[in-house]
Amino acid sequence: MKTTRRTAIATALSTVALGFPALVRAQPQVLKVATNTPESDPLAVYLKEAISAINAEAKGSVELRLFPNNQLGSNTDVLSQLRSGGVEFFPLSPLILQTIVPNAGISGIGYAWSGYDKLWPAMDGDLGAYVRAEIAKVGIHTMETMWDNGFRHITSGDKPVLQPETLKGFKIRVPPSPLWTSMFQAFGAAPTSINFAEVYTALQTRIVDGQENPLQLIYNAKLYEVQKHLSLTNHMWDGYWVLANGRMWRGLPEDARKVISKHMTASGLRQREAIAKANESLVTELTQNKLTIHKVDQAAFRRQLSSAGFYGEWAKRFGADGWRLLEKHAGSLS
C-alpha cells in the first residue's frame, strides 16, 4: 500500500508538471541590495544601473532589488543584516566596516592621499587585495572594484573651520568608526558618532556643531539647509566596498557570480568617473545654495595629526604588513 501510494503521488506530480509548466517553473532568487544614500546620489544611481544589467543578463536565475535611502535601516543595522543573511549586498564605507574588520579602515587614514593618481592604483592593487582578504575572515565576500565616496570636508554652523585650533571643543558628527573618532580627538574636537540617517536632524537641532562628508553627499542630503560654512579640509578619503553575504555568494551558480561581478565592476568604474566630474561643479552649486566656501591650510592639519601621535598609533594598530602597503602608495606618514 505504501509503495502504491508513493507511485500514485509521483504520477500525479508528473502529470501536473507536464500539463501546467507555469506552475512549477523555478522563480528567480531575489537578492536585496541596500544603501544609505538618496536615490539621486551616484552610488544609488550606478547601483541601479548595475542591477538592471545583471537582471537582464541573469535571465531569471537571480533578481537583484535595490533599497536606497536607509529603507532597510542604518549602516550598522544593515551590516548586521548582511552578516545574518537578511540582506544579500551592501556597499559600505571601510571605516564603518572597521567596527568588525579592524584593518578595513586603513585606506581612510587622515591626509594620507594626495590624489586619485595614488589612491586607485593602491585600492585596485595590492592594498585593496590585502583589505579584501581581511574582510573575508569574517565571512563576507567583497567585490574587487571599490566605488568612490570622495575626499571629505567639514561643514559648520556658526563659524568656519580654518585651522586645527578651530576644532578644539568642536562637536562634530562622525560615523561610528574608531578611526574617525581617533582623528578628530587628535585635533582636540568632540566627535559624536551618529548614523547618517539622523545627521540632518542633529545639525538642525544643534546636537552637534558640524559634520564632515564628501561634496556630493553634502549636496544630495541638502545639508546646506542646516549649515552655513564649508571648509575644504580634504582631510580623508572614503569609498565603498560592495559587500555580499559570504554564504549566499558561495551558494550562487558560477555563471550568476560572473554576471554580478562583471556589472558591479563596470558600473563602479563609471560611478568613479561621475564623482570626479561632479566635484568640478559642486563647489559652485553649494555656493549658490548659500554655503560659504573656505579654503584652508591642509598642511597645518596634517602636522597636527603627526605631532599628536596619530600616525604612530595607527601604524601599530594596523600592523606592519598593512602599513607598509599603505606607505608604498601614499608615501611616508611618519
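Structure: see above.
Residues numbered from 1 in each chain as written. Predicted model: local features only at pLDDT ≥ 70, side-chain atom pairs only at ≥ 80, totals over all residues. Heavy atoms only, no water.

1. Describing helix α13 (residues 298-307)
Then, in step 1: For α13, the set of buried residues is Ala 300, Phe 301 and Leu 305. Buried residues of α13, seen end-on, are gathered within an arc of 140° and therefore sit on one face of the element. Seen from the open side of α13, the exposed residues pointing more than 90 degrees away from its buried face are Arg 303 and Ser 307.
Then, in step 2: Structurally, α13 contributes buried residues whose contacts are with α8 (178-186) and α14 (310-318).
Then, in step 3: Positive phi appears at Gly 309, one or two residues downstream of α13, with a value of about 80°. (Buried < 20%, exposed > 50% of the residue type's maximum accessible area, 1.4 Å probe, protein only. Helix = DSSP H or I, 4+ residues; strand = E, 2+ residues; numbered from the N terminus. Arc of directions from axis to C-beta. Contact = heavy atoms within 4.5 Å.)

2. Structural notes on the pattern of salt bridges
Then, in step 1: A complete count under the given rule lists 14 salt bridges for this structure.
Then, in step 2: The shortest N-O distance in the salt bridge between Glu 57 and Lys 262 comes to 3.0 Å. On the criterion of sequence distance, the pair formed by Glu 57 in helix α3 (residues 42-58) and Lys 262 in helix α12 (residues 254-288) is long-range, its members being 205 residues apart.
Then, in step 3: Here Asp 238 makes a salt bridge to Arg 152, at a shortest N to O gap of 3.1 Å. (Salt bridge = Lys/Arg side-chain N within 4 Å of Asp/Glu carboxyl O.)

3. A few points about the environment of Lys 295
Then, in step 1: Along the polypeptide, Lys 295 turns up in strand β11 (residues 292-295).
Then, in step 2: Judged by relative accessible area, Lys 295 falls into the exposed class, the value being 75%.
Then, in step 3: Taking the C-alpha atoms as reference points, Lys 295 and Leu 230, separated by 65 residues in sequence, lie 8.7 Å from one another.

4. Quick notes on unusual backbone geometry
Then, in step 1: In this structure, Asn 69 is a non-glycine residue whose phi angle is positive, near 60°.
Then, in step 2: For Asn 69, the location among the structural elements is in the loop between β2 (62-67) and α4 (75-84).
Then, in step 3: For Tyr 111, which is not glycine, the phi dihedral falls at a positive 55°.
Then, in step 4: Here Tyr 111 shows up in the loop between α5 (94-97) and α6 (116-123).
Then, in step 5: For Tyr 111, a relative accessible area of 8% translates into the label buried.

5. A word on the nonpolar core
Grouped burial of nonpolar side chains is what soluble globular proteins tend to show.
Then, in step 1: Counting 57 residues, the largest nonpolar core has Ile 109, Trp 113 and Phe 184 as the members making the most contacts within it.
Then, in step 2: Counting residues per element, this core draws most heavily on α8, at 5 residues.
Then, in step 3: Discounting chain neighbours no more than four positions away, the residues touching Phe 184 are Ile 154, Leu 167, Ile 172, Val 174, Ala 189, Pro 191, Glu 212 and His 235.
Then, in step 4: Listed in part, the 26 residues of the second largest apolar core include Val 33, Leu 47, Ala 50 and Ala 256. (Core = buried A, V, L, I, M, F, W, Y, C linked by side-chain atoms within 4.5 Å.)

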